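Read off the chains here:
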There are 4 protein chains.
Amino acid sequence: MPGESASKVGWPLRHLLGFEVALVRALAEHGVAPQAGADAIARACSELELDPRSLVDSQLHNATPIPALIDAIRQGVPAEHRRWVHYGATSQDVIDTGYNLVFRDDLQRLRVALLDAAELMARTATTYRDLVVVGRTLLRRGSWTTLGFRFACWLDMCLDVVDELDIAVQSLGLQLGGSSGNLGVLGAIGVPVATSMAAELGIPWLGPWQVNRHQRYRVAFVGVLAARLVDQVAINLLLLSQEELGELTFGEGDSSSMPNKHNPASVVNARSAARIALSLGAGMFTAPPVELERSAGSWQAEPDLLTGALGHAIAAADALGNSLSGLEVSRASVAANLSDELYLSETLKVALESRFGYDEARAVMRQILDYSRSKNLPLGSAAHAVVNSDLPTEIATQSTGSLIDQTLVRFQRYRRISNG
Amino acid sequence: MPGESASKVGWPLRHLLGFEVALVRALAEHGVAPQAGADAIARACSELELDPRSLVDSQLHNATPIPALIDAIRQGVPAEHRRWVHYGATSQDVIDTGYNLVFRDDLQRLRVALLDAAELMARTATTYRDLVVVGRTLLRRGSWTTLGFRFACWLDMCLDVVDELDIAVQSLGLQLGGSSGNLGVLGAIGVPVATSMAAELGIPWLGPWQVNRHQRYRVAFVGVLAARLVDQVAINLLLLSQEELGELTFGEGDSSSMPNKHNPASVVNARSAARIALSLGAGMFTAPPVELERSAGSWQAEPDLLTGALGHAIAAADALGNSLSGLEVSRASVAANLSDELYLSETLKVALESRFGYDEARAVMRQILDYSRSKNLPLGSAAHAVVNSDLPTEIATQSTGSLIDQTLVRFQRYRRISNG
Amino acid sequence: MPGESASKVGWPLRHLLGFEVALVRALAEHGVAPQAGADAIARACSELELDPRSLVDSQLHNATPIPALIDAIRQGVPAEHRRWVHYGATSQDVIDTGYNLVFRDDLQRLRVALLDAAELMARTATTYRDLVVVGRTLLRRGSWTTLGFRFACWLDMCLDVVDELDIAVQSLGLQLGGSSGNLGVLGAIGVPVATSMAAELGIPWLGPWQVNRHQRYRVAFVGVLAARLVDQVAINLLLLSQEELGELTFGEGDSSSMPNKHNPASVVNARSAARIALSLGAGMFTAPPVELERSAGSWQAEPDLLTGALGHAIAAADALGNSLSGLEVSRASVAANLSDELYLSETLKVALESRFGYDEARAVMRQILDYSRSKNLPLGSAAHAVVNSDLPTEIATQSTGSLIDQTLVRFQRYRRISNG
Amino acid sequence: MPGESASKVGWPLRHLLGFEVALVRALAEHGVAPQAGADAIARACSELELDPRSLVDSQLHNATPIPALIDAIRQGVPAEHRRWVHYGATSQDVIDTGYNLVFRDDLQRLRVALLDAAELMARTATTYRDLVVVGRTLLRRGSWTTLGFRFACWLDMCLDVVDELDIAVQSLGLQLGGSSGNLGVLGAIGVPVATSMAAELGIPWLGPWQVNRHQRYRVAFVGVLAARLVDQVAINLLLLSQEELGELTFGEGDSSSMPNKHNPASVVNARSAARIALSLGAGMFTAPPVELERSAGSWQAEPDLLTGALGHAIAAADALGNSLSGLEVSRASVAANLSDELYLSETLKVALESRFGYDEARAVMRQILDYSRSKNLPLGSAAHAVVNSDLPTEIATQSTGSLIDQTLVRFQRYRRISNG
């Protein structure tokens, strides 16, 4: 909602300082900097008092807040250790690593929100595993499906997004390259230092990536996919809860002008947040490419685009979860919507073809349809009358049920321990 | 920059309350509500004390903050006048009108920022009206152009964006339609009430537009165009200020790792903000369409998308203005880049064709090129040597200058009075 | 549909040659080239036999087909006139102007398709001007609206798109600037030559615009808006024709697997084409900006993006027209959907507030709702029982009707003479 | 280029018929249909003569060509076997599977094109592994890097795209679900039949996915990533080949107006194709979600969007390969651009800090800079003069080289056998 934009987070100082501390500790570990220097810098970082305006000024004058941050740290460090602050690193190393730590957290929150929604999908898929409903293709009534299968398909989508999310998290690496991104200043100790830093920060070292933003496209992809998932489930819940269909209901929300109208607030909030997530995430795909060793503008937009995309994706998934938790299925409406037996058509067609052969079956089917319309009879009764014998009208959901079960088994692997 | 996202604005309470006051005043003017009711409601709005959490709750439960806002107003109004609060209106009327008032202000700020940048472009176009520079096509040196013409082209683009902006502002109308957007509840007094409200709020009444979001696409278009303008000028300033070209310089910014490096901070900030503006603005174009009388999700995302797009567009234009205000042109570099006379080639070609005819001119040109390369001579000298006579080498910029003048004259019409 | 992509059009040779002929004629008119030269070149263009592979080769080796085209023209021209072929122009002049002529034609076709659809919307709006239907907000049943009003709103949207289209057509100008886009080679005769050419080609001369692609963004905007319009109307037709709502029907299409199912083929085709139009059109907004005097890549993509966007927009509008032409309204379903009188709620609320005051009215309304639910009575009957007197239940559509009439009057101004 | 759009492919009849043959063979294998029926249908498919207009008609009337295709097949099959044509399947099963076979082929072609480009990147990275060049950050000269490292970074990006491509290929599964996508009509034999079909067609069976389009988003992601890769390398080649930098050259292309100008045609074509690929691929991410059991419009747009995205991505990668194959590095220009020793600054800073401590080093650095400017001396010489002793000026590229080697080793795993 307005005022809650995920991009208002400011700079993630904790993670930016964490980078600088991890750097100097690694330098000390590998004998480059003295341990006393590392200790002094770690202390300065933990005690840092910072005028936020200095960061804003630095952003305006340097297109990055890092110079001001480093100056502030240095002021807290004895002169003899100052040179070890930010030693061998460049602003982009700090920003890239710091935001990867932010994205790791955001993705973890998104994972929780998605799996919470998945849990509710799984419950509905289980509870209504064999509830036959009218299938709807091209927004028209088609042959039967089950409510369980519908939710199982969405659950599958949801788990596909979680899979992508897990890959994205694993690809979020430490950035360390120095000003041209080639580890040149650190020389032979570059890789050992990076390896130690990565271990300290709990993220992998996959080499420098100032030029290769692949891991960021992955994060954007997850944001886009999560938004699309939410939007798909949400619009479908809305469709099924139209009053004339009435198969699902939500009880939330009042209208400001109509006392007896209830608004599907969570679903609407979910779609709205998804829309913003998608716009910001997709913005990563159309941004200008990196110009040589560091991009002049599109790199700097990445944090806002991606924290915005993930923040809104989380809000969207949470809102979807709210909707799903209040879901009620009207078996009466489901049955009523089935009653004109349109759902029989495919089963009936197969049965008629089996009895009469393909060409004659078409003619018989036409007779049945005409009879059904002229007598205003359900298709099953019309068929019975025309063919003058019993035709199979039972729906066999076992096979569809086994597809559901596979998805539920898949979901077991994702369930968080807390859901034991 | 992070923390400065335009979407953190929260709801524009002043404008939302302004709607409610204008509504009841118009109802009183047209004899529907008593004047005392209008006065009571206006007073309640001006004295309103509101728990912000109630709006957030309302957003969560109703997908809009308006029910909570109306309840709060009603609590401040004597019982006998309560029914006139929000009479005949729906939440969307308030939100749509309120944000149009926000966009009107934002667009005005963007207009100022664009015209400030335009002023600087005009000055450069004037100062360097006839400074011949190497033209660059496909990022290759081509025939000559003038620095003035380059800036005049960008100035023209800028004024085209301002034209679109002015159209967009004029199309921002009052929303009033009631819950199905057809003015049905207000009946015959609907249009008179709307006309009075629009006059009070200083925006036009163009009929209800709950379903037709055209005016919002216009706002998005302006955001996108402004972002594209800024990005185009910014990348071109960067290209011309590459050290090897050296035709322009900026003095801003230090590198965190390299003491003698200066960063083009404003240009980079401009491009970064433009990127976000563009992503959010373009999000309006790919959003799902309005479903029947009110969209369920994409409408609700409009305020964040558009305040975000405009806010970042303003930031981008401001940053571009900063860059332009610090612009310095190196006549020495410009001259040096011209010195190998590649720029003459088109003039030379025309002169040779004029003297030798098309086919022979080609052969002569080939000789000149070979001679120029083998002797490492400038093209003009080589031509002189090969053709053994004077060839025209003067560049006539008058015609190009007159194109610049036309743009400068155009700009006179946009200049704000304060620049008079 | 596959195989019908609008981007397979190849180069518009007629328009490219038209540029070259217009150029040399203008040169002759202004005394630069001899009239015999102009005649010879015009003849060569009209008799040109061209190996298409030469254009493809030129595209591969020059990133433009124009050099091969010019060589081919020159071969058909006597040696003494060859230098006047393409004199003073650059490839981009030919391509930009040639495609503007293409876009002018495409936009005209789109205009016809949109106005054909508009005609059908206007007819429905007229026929069903006062047919009360359930309004639907957030995909929920709301207060009443009229079917006429719904179509009038879409008609208004359609006319807004046509307005933008007309502006876009008027802004499609001649390109003439020479290799750096500044008319420098032609010098003082540049503007007179351009003015004559523009008159000959029937498009305006608005100055060179190699750097300022504003007119192309306008074309893209029209493509996007047309796609959005089609998509909005199409999805709404689909929603209203869901069997349970049944307010509208289409008779097109059979299912390959279900004999009694009819597919809404035109609406689906419309949405599919709109999707492609939108993707290609929006691609113009995210393309990289022009680099200095000529962009290296994104300019070259403009013809495919925009002919694709417009071609699919035309296909979408045509398909929408097909759907609208087969539209049937079920007054029975409309009435049945109204029968539980939810639509009365807003009218009722106003009536109750008017009689009881705001606070008591809320209590009465709650009683009516409870009574309605417990007795399973329509809202109107429950109200009657609770309040024990007549309440206004008539819907006054006059005011809404007058809004429709305004749109219909607006439409009169767009109707093509052929519809007289 | 115009006329070469990848979307003009028409329907992939071979793959669509392949689906029908595989279906009936699997039905026969599992004892549902008679083997004679399978043989008859296979024969009919192989001998099928089809009026293309019937498919177009079917698309218009059914929003899919499949009904016409099935009718045509049935006409070639004896009456007693007709019912086994398309038995249990729906149009979407055929279209989804058929286009997955298309995408598999397209992705394979894209893989070849990417690895061809990668091969050239690897060669350049190997040849110029230790060639020190000026690093360029924010389009400004920065500290040193090596040309080898630059190409190794792009090679890494390229391999990341290939990794995504391989995942996308593996996720392209058979579609089989029947009209509601739940395998309901085929019942218990559904999964065995699907498994056999998938084996016959050489793609996996991963369950029905009519509702879950994840695999299609993956294809789109690959198209987008490939386009971004090409665009990034291409613009950077352009930047480095600007005449004033002159570090790289291409020899392709002539200008139509300037005889001595060569155009970077392949790079420009690459960027243009990438732009279209990106627009179409990104269109998949903003398309409306699937409505219930089958989407009404956005599904139908998938084939055009994705064949267009992949086709243009292939063209883009091929064009990039052309550029890379003609690449020449000017060691003289590289050295000249290094000569003012700006590249030393970071090395120098570290050396000075090491000798003087952080605070004093800053002061010394300022003296060196002033001296360098006032005497117009290179930084290294100025440093030598100021500090009056030797300072390290050698660049140690070993560490950067080892990063390159890692990428080259990675690439070994992707090299096609033919390059062995």
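Residues numbered from 1 in each chain as written. Chains lettered and ligands numbered in written order. Predicted model: local features only at pLDDT ≥ 70, side-chain atom pairs only at ≥ 80, totals over all residues. Heavy atoms only, no water.

Per an unreviewed UniProt entry, chain A is named Lyase family protein, and its organism is Ferrimicrobium acidiphilum. As recorded by UniProt, the Sequence similarities (unreviewed entry) comment attached to chain A reads in full: "Belongs to the class-II fumarase/aspartase family." (UniProt positions renumbered as here; feature names shortened; annotations may be inferred.)

Here we take up the relation of the copies chain C and chain B. Under the fitted operation, chain C is carried onto chain B by 0.0 Å of movement along the axis and a turn of 180°, and the coordinates agree to an RMSD of 0.1 Å. Accordingly, the operation relating the two chain copies is best matched by a two-fold axis. When you check the interface residues of chain C against chain B, 100% turn up at the interface there too, and the contact is symmetric in its surfaces. (Least-squares fit on C-alpha atoms with pLDDT ≥ 70 in both. Contact = heavy atoms within 4.5 Å.)

This part takes up the environment of Leu16(A). All names here are of chain A. Tracing the chain through its elements places Leu16 in helix H1 (residues 13-29). When the C-alpha positions of Leu16 and Ile95 are compared, they lie 6.8 Å apart, and in sequence the two are 79 residues distant. Residues in contact with Leu16, not counting those within four places in the same chain, are Trp11, Ile66, Leu69, Val94, Ile95 and Gly98. (Helix = DSSP H or I, 4+ residues; strand = E, 2+ residues; numbered from the N terminus.)

The transformation that overlays chain A on chain D combines an axial shift of 0.0 Å with a rotation of 180°, and the residual RMSD is 0.1 Å. Comparing interface residues between copies, 100% of those in chain A also lie at the interface in chain D; the contact surface is shared.

Take the pattern of salt bridges next. Within the structure shown, the criterion is met by 92 salt bridges over all chains. Connected through salt bridges with shared partners, the residues Asp96(A), Arg213(A), Arg216(A) and Glu302(A) form a single ionic network. (Salt bridge = Lys/Arg side-chain N within 4 Å of Asp/Glu carboxyl O.)

With respect to the element layout, His81(B) can be found in the loop between helix H4 (66-75) and helix H5 (91-127). When sequence neighbours within four positions are dropped, the list of residues in contact with His81(B) reads Pro34(B), Ala36(B), Gly37(B), Ala40(B) and Ile41(B).

Take Ser180(B): it is sitting in the loop between helix H6 (147-170) and helix H7 (190-201). Its relative accessible area of 4% is what places Ser180(B) among the buried residues. With residues up to four places along the chain from it excluded, the contact list for Ser180(B) reads Gln210(B), Glu293(B), Gly135(C), Ser143(C), Trp144(C), Thr145(C) and Phe149(C). (Buried < 20%, exposed > 50% of the residue type's maximum accessible area, 1.4 Å probe, protein only.)

This next bit is on helix H7 (residues 190-201) of chain A. Residue and element names in this part refer to chain A. Helix length check: H7 (twelve residues) gives 16 Å between terminal C-alpha atoms against 16 Å at 1.5 Å per residue, within 8%. When we look at burial in H7, the residues that qualify are Gly190, Val193, Ala194, Ser196, Met197, Ala198 and Leu201. Residues of H7 that are buried in the fold lie against H1 and helix H5 (91-127). In the segment just after H7, Gly202 is the residue with positive phi, at about 75°. (Expected span 1.5 Å × (residues − 1).)

Positive phi outside glycine occurs at Leu183(B), with the angle close to 60°. If you trace the backbone, Leu183(B) turns up in the loop between H6 and H7. Phi at Leu139(C) takes a positive value of approximately 60°, unusual for a residue other than glycine. With respect to the helices and strands, Leu139(C) occurs in the loop between strand S1 (132-137) and strand S2 (140-146). Given a relative accessible area of 4%, Leu139(C) falls into the buried group.

The partner chain D presents 74 residues to the 74 residues of chain A that form the contact. Regarding the contact of chain A and chain D, the summed buried area is about 6900 Å², with carbon and sulfur atoms giving 57% of it. For chain A, the biggest contributors to the area lost against chain D are Arg83(A), Arg228(A) and Leu292(A); these three give 11% of the whole. For Arg218(A), the salt bridge identified is with Glu164(D), shortest N-O distance 2.8 Å. Where chain A touches chain D, the interface holds 41 residue pairs in polar contact (both at pLDDT 80 or more). Elements represented by at least two residues in the side of chain A that touches chain D include exactly strand S1 (132-137), strand S2 (140-146), helix H6 (147-170), helix H8 (214-240), helix H9 (265-286), helix H12 (345-356), helix H13 (358-375) and helix H15 (398-412) of chain A. The biggest single contributor to the side of chain A that touches chain D is H8(A), with 13 residues. Split by residue class, the side of chain A that touches chain D holds 35 nonpolar, 21 polar and 18 charged. (Buried area = accessible area lost by both parts, 1.4 Å probe. Polar contact = N/O pair within 3.5 Å; in protein donor to acceptor, adjacent residues only side chain to side chain. Nonpolar A, V, L, I, M, F, W, Y, C, P; charged D, E, K, R; others polar.)

It is worth spelling out the domain arrangement of chain A at this point. Residue and element names in this part refer to chain A. Annotation of chain A at the domain level lists domain 1 (4-87), domain 2 (93-177 + 206-336) and domain 3 (342-387). Each of domain 1 and domain 2 has a C-alpha centre, and the two are 36 Å apart. Here domain 1 and domain 2 share an interface that buries about 1200 Å² over both sides, 76% of which is from carbon and sulfur atoms. For the side of domain 1 that touches domain 2, the leading source of residues is H1, giving six residues. Here the side of domain 1 that touches domain 2 is built from residues that sort into ten nonpolar, six polar and two charged. (Domains from an automatic or database assignment.)

At the junction of the two partners, chain C supplies 74 residues and chain B supplies 74 residues. Carbon and sulfur atoms make up 58% of the area that chain C and chain B hide from each other, which totals about 7000 Å². When the buried area of chain C at its contact with chain B is split by residue, Arg83(C), Arg228(C) and Leu292(C) rank highest and sum to 11% of it. Our count for the contact surface shared by chain C and chain B stands at six salt bridges. The salt bridge involving Glu293(C) is made with Arg150(B); its shortest N-O contact spans 2.9 Å. Our enumeration of links across chain C and chain B arrives at 41 residue pairs in polar contact (both at pLDDT 80 or more).

Before going further, it helps to examine the state of the cysteines. Cysteine pairs can be linked by a disulfide, which is a covalent bond between their two sulfur atoms. Residue and element names in this part refer to chain A. Under the defined criterion, the tally for this structure stands at zero disulfides over all chains. A disulfide-free cysteine, Cys158 has its sulfur positioned 13 Å from the sulfur of Cys153, the nearest such atom. A relative accessible area of 0% places Cys158 in the buried class. (Disulfide = S-S within 2.5 Å.)

The next point concerns the packing of aromatic side chains. Across all of its chains, the model carries 20 aromatic pairs over all chains by this definition. Members of the aromatic cluster, each reached through a chain of ring pairs, are Phe221(A), Phe285(A), Phe221(D) and Phe285(D). Residue placement shows Arg83(B) over the ring face of Trp84(B); its charged tip is 4.2 Å from the ring centre. (Phe/Tyr/Trp six-rings, centres within 6.5 Å; stacked < 30°, edge-to-face > 60°. Lys NZ or Arg CZ within 6 Å of the ring centre and 35° of its normal.)

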